[in-house]
Amino acid sequence: MKKMLTGNSSAAWGARISDVDYVCAYPITPQTEIVETLSSWVNKGALKARFVNFESEHSMFAAAGAASLTGARVFTCSSSQGLIYGLEMLYSIAGWRAPLVLVNVSRGLGMPMILQVEHGDVLATRDSGFIQLHAENCQEVLDLVLLGYKIAEDSNVMLPVVVNMDGFVLSFARQTVDIPQREAVEKFLPRYSHPRPLLGLESAPVTYGPTTSDGFVYSFYKYQLHKASLESRKVFQTAAQEFFKIFSRRHHAVEAEMTEDADYIFLVTNSYSSNVRAGVRSLRAKGEKVGMVKLKMLRPFPREELAEVLSQAKAVAVFEQNLAPGRGAIIYPEIAEALYHSQERPDVLLSFIGGLGGTPLGMPEMEYMLKKCKEFLKTGHGPEQPLLLYRSEDWESMKHSLSKTGLPVSREVS
Amino acid sequence: MKIRIRLHGRGGQGVKTAGRIISTACFLEGHCAEDSPMYGPERRGAPVLSFVRVSDGEPLEERGYIEHPDALVLLDSSSVSRSSPFYGLRTDGLVIINAPLLAPKFAFPSVAFDVSSAALRVLKKDSVSAGAAALACKALGLTSIESLSEAVRMEMNEIGLRPELIERNVELARECFSSVPTVKSFVHAHDPSPTDSNDESSEKLVEIPQMVGLQPIAAIIATGNSRLNETGLWRLTTPRIDYSKCTKCIVCFVYCPDSCITLEPDLTPHIQYENCKGCMICATECPLHAISEERAVPA
């Protein structure tokens, strides 16, 4: 059934057709529409699940993880400050090996306070043990929720999954989404059962998340977490093949387009992938040998696939919507590491930051990134990185905003 | 072939719903469509935008706000004089407006129809989303009247309208659809729409300098600068003082929640319309009923 859905309602539909048992909610813009939708379905009986509102994201995540260990299929979601507020629990959930799905709607982290997109929130969870899948459009949101449960609940994985979508750009935008039939979903996603559920039989008690003072115990379980995460790459691949057979839509951890003969590759994640694809097509029409790589899976990090697809290019421009002050972009060093041991690797690997708070990514940015790659390639000298993308018209508006603050005009550091 | 539509109106007028009706109608027609509203901390009466992108099948690989629309839909004619909605509109872009006509000083091709009057007659209130969506679907040749009617039903049902009110909205939409011509045929047009690329270049990027002092810290020390935020644009109703009745009792001055009423030395009150949101508290409180309510005027 095809319908016009926002990214948020697509996430809710993903939970609904996954037949979740338990929904944990705490509102935060731009995510609230997801839990509003689910709560109305639970109320009407369209979704047979328990819906609980919590007093904070921290307790919400705690309940979500614990419920997952009882054998319930659990869905929860958050965004930005809320996700960060509950961050401590995300490490616990992964450590408990609770296979739930969490949808994050990316929003910038204050200050200044903003409601629009930036990926600092979801990337702050990158080392928690969660598997991370990032969506480009509303259809992918739904697909990745389904794939999320499939991978999470695999007995070789047993890890939670975070599915990311961009706030506003996807969360409030309606696109055509194909909602699969229930029978097809049941075929793809069988009932979840935990091997030793919490609060199961009284005769079968179990403790999850015990304490230890021994490093060898701690190391053992942390290493197990890592190995399970690495294993999920294979599981994702198999699941994606099965997904294609049933639903006819392909998903890969790393998706390369127009890269066969490309000298220059733009690397991107999430919804701005669409802008980059349009830009690559325009540049191709002008005779530029460019291509794009979309990173759909951030954790586990698909190092080999990336190295294979990027190594043939002369230059790679990595575009990111996040900023680690004093370091630069967050994913860029991981790309560099992935390429380090490649026999053949691009001569130029440049880091660009833009789209923070939803600033535009269009042809000016695409042309600028290409120009910088070419300059570096030609001269052998690279600019200081990362390069911060900012439009001159935005700078004019910013100066106007500054003039309204009443602050004395400050000197610029030369 | 792609078309980008930007809708302008005020909070509470149904700008988002109008965008959704257009895009759902296009979806039902078999086109590829996408819509998104601009969300912010707006309240009733504040300027609100919505965006619709339509293609006849090719993927819509654009995200975010529409800066260079092919068509504008103006639900609120007062926005023309007050907030200049024409920015970024292509020179041959079409203006679709809820008004008897578009003032000749705006040199854009236009389709005008007084949806508000029709809505007052059919719905008994100035609720124009279905009618405005109908103008766009017809003027741009996007959909049939059947797809439009079905889209109105779907979207009005989605927001929880009673069945008889939904049908009256369908009636309004059909009337508006039949009252305007198709100016551009979307389905048969060649692709004249420039992507943003044609009038943008990488020269437009700048490196911002590092600042020292207080400016790099997000701080505001100016007092009274909310005056710079012209909330008068939010006004749907305007209070007018009848000075022949005013006794300079200054009750209006005391009750104005936004301090938009100033006093002359002899205590004669003046309403500052740049910031007056039209809450009408002054009119309610005036003991002499010297303040009357004026509806927003058309362009």
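Residues numbered from 1 in each chain as written. Chains lettered and ligands numbered in written order. Predicted model: local features only at pLDDT ≥ 70, side-chain atom pairs only at ≥ 80, totals over all residues. Heavy atoms only, no water.

So, about the overall build of chain A. What chain A contains, in helices and strands, is 14 helices and 15 strands. Taking 2.2 N^0.38 as the reference for a compact globule, 414 residues should give roughly 22 Å; the C-alpha atoms of chain A span a radius of gyration of 22 Å, in line with that estimate. Counting only C-alpha atoms, chain A reaches 70 × 55 × 55 Å along its principal axes. Going through the 414 residues of chain A one by one, you find that 57% of them count as buried. Long-range pairs, those at least 24 residues apart, make up 81% of the contacts in chain A with a sequence separation of at least 6. Here chain A has roughly 17,500 Å² of accessible surface; of this, 52% comes from carbon and sulfur atoms. The average position of the 43 basic charges and that of the 45 acidic charges among the side chains of chain A differ by 3 Å. (Helix = DSSP H or I, 4+ residues; strand = E, 2+ residues; numbered from the N terminus. Rg over C-alpha atoms; globule rule 2.2 N^0.38 Å. Buried < 20%, exposed > 50% of the residue type's maximum accessible area, 1.4 Å probe, protein only. Contact = heavy atoms within 4.5 Å. Areas by Shrake-Rupley, 256 points an atom, 1.4 Å probe, with all protein chains shown as cover. Lys, Arg positive; Asp, Glu negative; His and termini not counted. Charge placed at Lys NZ, Arg CZ, Asp CG, Glu CD.)

Further remarks concern the overall build of chain B. In terms of regular secondary structure, chain B is built from 8 helices and 10 strands. A burial count over chain B gives 48% of its 299 residues as buried. Within chain B, counting contacts between residues at least 6 apart in sequence, those at least 24 apart form 66% of the total. Taken as a whole, chain B presents about 14,000 Å² of accessible surface, with 55% of it coming from carbon and sulfur.

Okay, the domain arrangement of chain A next. All names here are of chain A. Segmentation of chain A into domains returns domain 1 (2–196 + 210–247) and domain 2 (254–392). Computed over C-alpha atoms only, the centres of domain 1 and domain 2 are separated by 27 Å. Of the residues lining the interface, 28 residues belong to domain 1; the matching set on domain 2 comes to 30 residues. Summing both sides of the interface, domain 1 and domain 2 together bury roughly 2,200 Å²; the carbon and sulfur share of this comes to 53%. Summed over the three residues of domain 1 that lose the most area to domain 2, namely His134, Glu136 and Arg233, the buried surface amounts to 31% of that side. (Domains from an automatic or database assignment. Buried area = accessible area lost by both parts, 1.4 Å probe.)

This part takes up the interface of chain A and chain B. With 45 residues of chain A in contact, the opposing surface of chain B contributes 39 residues. Both sides together, the interface formed by chain A and chain B hides about 3,800 Å², and carbon and sulfur atoms give 59% of it. Linking chain A with chain B are 5 salt bridges, by the criterion used here. Across the salt bridge formed by B:Glu155 and A:Arg174, the nearest N and O atoms sit 3.0 Å from each other. Those elements giving two or more residues to the side of chain A that touches chain B turn out to be β1 (2–6), β8 (174–178), α10 (273–285), α13 (363–379) and α14 (392–403) of chain A. With 6 residues, α13(A) is the largest single contributor of residues to the side of chain A that touches chain B. (Salt bridge = Lys/Arg side-chain N within 4 Å of Asp/Glu carboxyl O.)

The strands that make up a sheet pair up through hydrogen bonds in the backbone, lying either parallel or antiparallel. Residue and element names in this part refer to chain A. Within the open sheet, the 6 strands sit side by side as β9-β11-β10-β13-β14-β15. Their pairing is mixed. Strands with a single pairing partner mark the edges of an open sheet, and in this sheet they are β9 (254–257) and β15 (387–388). Those strands touched by α10 are β9, β10 (264–268) and β11 (290–295), and its axis lies near 170 degrees from that of β11. (Pairing = 2+ DSSP bridges. Axes fitted to C-alpha atoms, helices over the stretch in contact; angles between N-to-C directions.)

In this section: helix α7 (residues 138–152) of chain A. All names here are of chain A. With 15 residues, α7 ought to run about 21 Å at 1.5 Å a step, and its terminal C-alpha atoms sit 21 Å apart, in line with that. Counting buried residues in α7 gives 15 out of 15 residues, a clear majority hidden from the surface. With a side-chain oxygen lying 3.3 Å from the backbone nitrogen of Gln139, the N-terminal cap of α7 falls on Asn137. (Expected span 1.5 Å × (residues − 1). Polar contact = N/O pair within 3.5 Å; in protein donor to acceptor, adjacent residues only side chain to side chain.)

Turning our eyes to something else, we now look at the sheet that holds strand β5 (residues 101–106) of chain A. Residues and elements named next belong to chain A. Across the sheet, which stays open at both edges, the 7 strands sit in the order β3-β2-β4-β5-β7-β6-β12 with mixed pairing between neighbours. A strand with exactly one partner marks an edge of an open sheet, and here the two such strands are β3 (50–53) and β12 (297–299). Taken over all neighbouring pairs, the strand axes of this sheet differ in orientation by 20 degrees on average, direction set aside. Sheet topology note: the strand β2 (residues 22–25)/β3 ladder contains 4 bridges and is parallel. Paired with Val23 across the strands is Phe51, a residue of β3.

All names here are of chain A. By the definition in use, this model includes 49 salt bridges over all chains. Linking Arg284 and Asp261 is a salt bridge whose minimum nitrogen-to-oxygen distance equals 2.9 Å. Note that Arg284 is positioned in helix α10 and Asp261 in the loop between β9 and β10, a separation of 23 residues in sequence. Arg284 sits in the partly exposed class, given a relative accessible area of 26%.

Glancing now at the packing of helix α3 (residues 57–69) of chain A against helix α5 (residues 87–95) of chain A. Between two packed helices, the angle of one axis relative to the other and the distance separating the axes together describe the packing. Residues and elements named next belong to chain A. For the pair α3 and α5, interaxial distance at closest approach is 8 Å and the crossing angle is 10 degrees. Judged on the interaxial angle alone, α5 and α3 are roughly parallel. Two secondary-structure elements touch here, α3 through His58, Phe61, Ala62 and Gly65 and α5 through Glu88, Met89, Leu90 and Ile93. Considered class by class, the residues forming the contact of α3 with α5 number 5 nonpolar, 2 polar and 1 charged. (Parallel < 35°, antiparallel > 145°, perpendicular 65-115°, else oblique. Nonpolar A, V, L, I, M, F, W, Y, C, P; charged D, E, K, R; others polar.)

This part is about the packing of aromatic side chains. Residue and element names in this part refer to chain A. A full pass over the atoms with the stated rule returns 11 aromatic pairs over all chains. Seen from their ring centres, Tyr272 and Phe319 are 6.3 Å apart, and the 10 degrees between their planes marks the pair as stacked. Here Tyr272, found in the loop between β10 and α10, pairs with Phe319, found in strand β13 (residues 315–320); they are 47 residues apart in sequence, far enough to count as distant. The residues Tyr272 and Phe319 share a single accessibility class, namely buried. (Phe/Tyr/Trp six-rings, centres within 6.5 Å; stacked < 30°, edge-to-face > 60°.)

Attention now moves to helix α1 (residues 15–28) of chain B. For the α-helix, the turn length of 3.6 residues means that residues three or four positions removed from each other point alike. Residue and element names in this part refer to chain B. Given a rise of 1.5 Å per residue, 14 residues ought to cover 20 Å, and the 20 Å separating the end C-alpha atoms of α1 matches this to within 8%. Summarising burial for α1: 12 of the 14 residues are buried, a large majority. A positive backbone phi angle near 100 degrees is found at Gly30, which sits one or two residues after α1.

Predicted confidence across chain B gives a mean pLDDT of 88, with 90% of residues reaching 70 or more. Predicted confidence is poor over residues 187–199 of chain B, with pLDDT under 50, and the contacts of this stretch with residues over four places away or in other chains come to 18 contacts. (pLDDT = per-residue confidence, 0-100.)

Core analysis: the largest hydrophobic core is formed by 55 residues, its most contacted members being A:Ile34, A:Leu38, A:Phe75, A:Val103 and A:Leu146. Among the elements that take part in this core, α7(A) stands out by supplying 10 residues, more than any other. Discounting chain neighbours no more than four positions away, the residues touching A:Val103 are A:Ala11, A:Ile34, A:Phe75, A:Thr76, A:Cys77, A:Ser78, A:Val145, A:Val163 and A:Met165. Membership of the second largest hydrophobic core comes to 51 residues, among which are B:Ile22, B:Phe27, B:Ala71 and B:Leu148. (Core = buried A, V, L, I, M, F, W, Y, C linked by side-chain atoms within 4.5 Å.)

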